Amino acid sequence: MESLQSPLVLSSKLLPNSLKKPVLEVGFACFFKQRRVIQSVSIKRSVVCCSRKGGGGGSQDGSSAMLVNTEKKDASDSVGFHLVPPPSGDNGVIDPHEKLSTQKEAETGNSEGEEERKTKVTYNIVFVTSESAPYSKTGGLGDVCGSLPIALAAHGHRVMVVSPRYQNGTCSDEIFSGASDLEHPIKVHCFGGVQEVSFFHEYRAGVDWVFVDHPSYHRPGTPYGDGYGAFGDNQFRFTLLCHAACEAPLVLPLGGFTYGEKCLFLVNDWHASLVPVLLAAKYRPHGVYKDARTVLVIHNLAHQGVEPAVTYDNLGLPPEWYGAVEWVFPTWARTHALDPGQAVNLLKGAIVTVDRILTVSKGYAWEVTTPEGGYGLHELLTSRKAVINGITNGIDVSEWDPSSDEHIPFHYSAEDLSGKVQCKIALQKELGLPIRPDCPLIGFIGRLDYQKGIDVIRLATPELMGEDVQLVMLGSGNPEDEEWMRVMESTYRDKFRGWVGFNVPISHRITASCDILLMPSRFEPCGLNQLYAMRYGAVPVVHGTGGLRDTVENFNPYAGGGSGEGTGWTFSPLSKDTMLAALRVAIRTYREHKPSWERLMKRGMEKDYTWDKAALEYEQVFKWAFIDPPYVS
């Protein structure tokens, strides 16, 4: 079909008499993402036709889909639009029953006529997070906020990520060298004064990466603390982040245009939890952000941003909103008999004001509503159970790909597994272990703390060392556990190696080399190491909790007509005996049933845990968020 060449006006010949005066609304979310030069960008727009008598309209709100294309233009020039007329025989009248689809437009190439074009609903999405890889990362939160925005941008959404610009005086500061100062500082009223924050910006992979700059983010250590513990002013630092994130869509002309008020804020954990409270208490009473929506993503409910009640006045909220963040500790948790237990809980404030709540796995969505996994918020979360969903995190399959990983010495795939044995031999040689390609190699990668079940590993290791296995551990954390690893290495020189600290290349090599990955976590909202392990053909043995239970399917050798099913082993409850029992079954399968083991490996490697799959599930939640009016208006 040939396009009708015209400027940005609609010919009255295209519309019936009842629709002679159309009002043109153009959403530029997709267009604004282009920089400097724009080349043949296909963008969807809506033409809203207003008529008192009705009839001949499009969708229920009076809009109808039309396709708009642009020719190659400089971003500062005017844009020529090609309006695609309806198929012949329609007399220019748009079918009122035409449905808007969220599926990608299908190009049929039919010369006799095009099929009905379908539009994809896109959003202006603002991530608010304390960390985003590769700029800052301490765990899974950084991975999610570094990869999911890129996946959503690839689906056509306009995406901004707002996080602090950390400067710790090391070479890691160079990661921010691509971000430029927007020279658009703002004043933030909080903590009894006025704070000035500035914004840095980098456009990368289709995403606007916005960094909030303030002297409180310039110090050695991690985003949250240093060797002496957590920073004492974390509430101040992340209150600034939340205030700045609320202003960014309104004041920052990214690509020449602001994101505007109709945004969807994705707030991550307690560090960003003040955002939905600010929208409800500070902006909407003045008619700002009345069409915005907020989604809370809980990565770890154990951290809630709890501070003494007297700090409420520092948050920049009206006095009447104290109840939103009010928190009272139970009697048993108070420091002394006269302690009233009064505090402010930022995560609780988000739970009672957001439109939707997400967790990073389906299993964790249920666990947070139980007394064991709710950390005091289970009753509140249960009351909002209707809007809670779980979406399993994805992984960066370009970084974690055994067929092209730059950190491993040999490459392999599900079609050719020979490189995995070579990786195993190379790691044994690197770590000084006896070179035994037939010996089961068990790996552990993670923090050395109570959550990760390091105490259970310590109890089980003497018995495990009685088996003909090798155990390699990588991690840091509790100094006592770090010292224990050193002692074990000197005690079992032919069977045990411990790497104290964290090293990205070594983590890749362990994942590529080990036959079994052990994850006895007490709780695991999602977990990524088991996903990496399956992609690299390492069979996970995990405690059946949270995301581990969701992603690791128990091996059943008798299913599928004897070919088996499953990707690993889960054990429960968490104890030394149950963990050892699962490990022994895995070791026996590895030694005595090689064909079954190879099928186990391949099933794990073929699983789809990409961010593209997760992005589709997020889009469905976005759609639900906009169906109803804001939860707190």
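Given the structure is predicted, the values throughout are model-derived calculations rather than measurements.

Criteria and thresholds
- Residues numbered from 1 in each chain as written.
- Predicted model: local features only at pLDDT ≥ 70, side-chain atom pairs only at ≥ 80, totals over all residues.
- Heavy atoms only, no water.
- Helix = DSSP H or I, 4+ residues; strand = E, 2+ residues; numbered from the N terminus.
- Polar contact = N/O pair within 3.5 Å; in protein donor to acceptor, adjacent residues only side chain to side chain.
- Contact = heavy atoms within 4.5 Å.
- Buried < 20%, exposed > 50% of the residue type's maximum accessible area, 1.4 Å probe, protein only.
- Pairing = 2+ DSSP bridges.
- pLDDT = per-residue confidence, 0-100.
- Axes fitted to C-alpha atoms, helices over the stretch in contact; angles between N-to-C directions.
- Phe/Tyr/Trp six-rings, centres within 6.5 Å; stacked < 30°, edge-to-face > 60°.
- Lys NZ or Arg CZ within 6 Å of the ring centre and 35° of its normal.

**Student:** Please clarify how the environment of threonine 170 should be interpreted in this entry.
**Tutor:** If you trace the backbone, threonine 170 turns up in the loop between β9 (158–164) and β10 (180–181). The spacing of threonine 170 and glycine 221 is 51 residues in sequence and 10.0 Å in space, taken between C-alpha atoms. Of note is the side chain of threonine 170, whose polar atom sits 2.7 Å from the side chain of asparagine 168. Among the polar contacts listed, one links the side chain of threonine 170 to the side chain of serine 172, at a separation of 2.7 Å.

**Student:** What is the right way to read the environment of phenylalanine 200 from this model?
**Tutor:** Topologically, phenylalanine 200 is positioned in strand β12 (residues 193–204). Along the backbone, phenylalanine 200 and valine 210 are 10 residues apart, and their C-alpha atoms lie at a distance of 5.7 Å. Apart from residues no more than four positions distant in its own chain, phenylalanine 200 is found in contact with Arg165, Ala179, Ser180, Asp181, Leu182, Trp209, Val210, Phe211 and Asp213.

**Student:** Where do I start with the side chain of aspartate 405 in this structure?
**Tutor:** Position of aspartate 405 relative to the elements: it lies in the loop between β22 (388–390) and α9 (418–431). Within the structure, the side chain of aspartate 405 is placed 2.6 Å from the side chain of histidine 508, a separation counted as a polar contact. For aspartate 405, the side chain forms a polar contact with the side chain of tyrosine 536, separated by 2.5 Å. The residues contacting aspartate 405, other than those within four sequence positions of it, are Glu399, His411, His508 and Tyr536.

**Student:** I keep staring at the pairing of strand β21 (residues 356–359) and nothing clicks. Help me out?
**Tutor:** On a regular strand, each side chain points to the face opposite its neighbour's, so the side chains alternate between the two faces of the sheet. Going residue by residue along β21, you find Arg356 and Leu358 tucked away on one face and Ile357 and Thr359 tucked away on the opposite face as well. Pairing geometry for strand β17 (residues 293–298) and β21, over four bridges, is parallel. Bridging from a neighbouring strand, valine 297 pairs with leucine 358 of β21.

**Student:** Just checking my understanding: could you explain the confidence of the model for the protein for this structure?
**Tutor:** Low pLDDT marks regions whose predicted coordinates should not be analysed in detail. Mean pLDDT over the protein works out to 84, with 81% of the residues at or above the 70 mark. Below pLDDT 50 for its whole length, residues 1–119 participates in 161 contacts with residues either more than four positions away or in separate chains.

**Student:** Help me understand the sheet that holds strand β20 (residues 342–345), please; the structure alone is not making it clear to me.
**Tutor:** The strands that make up a sheet are held in pairs by hydrogen bonds between backbone atoms, and each pair lies either parallel or antiparallel. With antiparallel pairing, the three strands of this open sheet are ordered in space as β18-β20-β19. Every interior strand has two partners, whereas the edge strands, β18 (306–308) and β19 (326–328), have only one. Mean inter-strand twist for the sheet, computed between neighbouring axes without regard to direction, equals 45°. Summarising the sheet, β18 and β20 pair through three bridges and their orientation is antiparallel. The residue of β20 that forms the bridge with valine 306 is asparagine 345.

**Student:** Where do I start with the packing of aromatic side chains in this structure?
**Tutor:** Each aromatic ring pair is summarised here by two numbers: the centre-to-centre distance and the angle between the ring planes. Enumeration over the complete set of coordinates arrives at 22 aromatic pairs. An angle of 80° between the planes, with centres 5.8 Å apart, marks the rings of tryptophan 484 and phenylalanine 496 as edge-to-face. Taken as a pair, tryptophan 484 in helix α11 (residues 479–491) and phenylalanine 496 in strand β25 (residues 496–500) lie far apart in primary sequence, 12 residues in all. The residue whose ring lies beneath arginine 384 is tyrosine 631, and the NZ or CZ to ring-centre distance is 3.6 Å. Against the face of tyrosine 590 rests lysine 594, its NZ or CZ located 3.6 Å from the ring centre.

**Student:** What should I look at first to understand helix α12 (residues 504–513) in this one?
**Tutor:** Residues that lie three or four places apart on an α-helix share one face, since the helix turns once every 3.6 residues. Counting buried positions along α12 gives eight out of 10 residues, so the element sits mostly inside the fold. For α12, every residue scored as buried is listed here: Ile506, Ser507, His508, Arg509, Ile510, Thr511, Ala512 and Ser513. The inward-facing, buried residues of α12 abut α9, β23 (441–445), β24 (470–475), β25 and α13 (529–535). Near the N-terminus of α12, the side chain that reaches the backbone nitrogen of isoleucine 506, with its oxygen 2.9 Å away, is that of asparagine 503.

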